[in-house]
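# Structural characterization, general
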Amino acid sequence: METSTVDPWHALADPTRREVFARVARGQGSVTEIARDLPVSRPAVSQHLRVLLDARLVDVRRQGRERLYQPRLSGLDGLRRELDSYWNQTLSTFKDVAEQAYEPTAAPPEGAP
């Protein structure tokens, strides 16, 4: 089984790489298409794509002479599971804090709205 050599969190830590990934996520494309209007060179985009490949966030396939990059369908699964666990823990902690801080008030007098 192939293992990832780059932590996906590390791969997406760079803002330019996140933009490259966002462009790939919108649809497959060549380095030239992905690099269009980015403030970095095509070789730099190729290097960013290499990191994303190593992190298993994108895949590449040949079509004629071009290499087309596309999002890896399972690429974000691990990140999503981690974020879900953080979110679930945060909600659980919030619930615990709210329950500990709760002080019941006296019952309202009868007939009060």
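So, a few notes on the structure that sits alongside this text.

Rules used in this analysis
- Residues numbered from 1 in each chain as written.
- Predicted model: local features only at pLDDT ≥ 70, side-chain atom pairs only at ≥ 80, totals over all residues.
- Heavy atoms only, no water.
- Helix = DSSP H or I, 4+ residues; strand = E, 2+ residues; numbered from the N terminus.
- Expected span 1.5 Å × (residues − 1).
- Contact = heavy atoms within 4.5 Å.
- Core = buried A, V, L, I, M, F, W, Y, C linked by side-chain atoms within 4.5 Å.
- Buried < 20%, exposed > 50% of the residue type's maximum accessible area, 1.4 Å probe, protein only.
- Pairing = 2+ DSSP bridges.

### Focus: helix α4 (residues 42–54)
An α-helical turn contains 3.6 residues, so any two residues separated by three or four positions project in the same direction. The end-to-end C-alpha distance of α4, which contains 13 residues, comes to 18 Å, matching closely the 18 Å that a straight helix rising 1.5 Å per residue would cover. On its buried face, α4 sits against α1 (8–11), α2 (15–26), α3 (31–35), β1 (58–63) and β2 (66–71). Where α4 ends, the next residue or the one after it, R56, has phi of about 65°, a positive value.

### Notes on the nonpolar core
Judged by nonpolar contacts, the single largest core of 19 residues is most densely connected at V45, L49, L52, L57 and Y69. Looking at this core, the elements with two or more residues in it are α2, α3 and α4. With four residues, α4 is the single largest residue contributor to this core. When residues no more than four places from it in sequence are discounted, the contact partners of L57 are P8, A11, L12, F21, L52, P71, R72, G75, L76 and L79.

### So, the side chain of S30
As for its position among the elements, S30 is in the loop between α2 and α3. Residue S30 is classed as buried on the basis of its relative accessible area, which comes to 6%. When residues no more than four places from it in sequence are discounted, the contact partners of S30 are E66, R67 and L68.

### A short note on the environment of R26
With respect to the helices, strands and loops of the structure, R26 is situated in helix α2. Looking at R26, the relative accessible area reads 62%, which means it is exposed. For the pair R26 and Q70, spaced 44 residues apart in sequence, the C-alpha to C-alpha distance is 8.7 Å.

### Here we look at the pairing of β1
For β1 and β2, the ladder comprises six bridges, and the chain directions are antiparallel. Along β2, the bridge assignment pairs V60 with Y69. Linking β1 back to β2 in an antiparallel pair, the connection comprises two residues, with G64 at a positive phi of about 65°.

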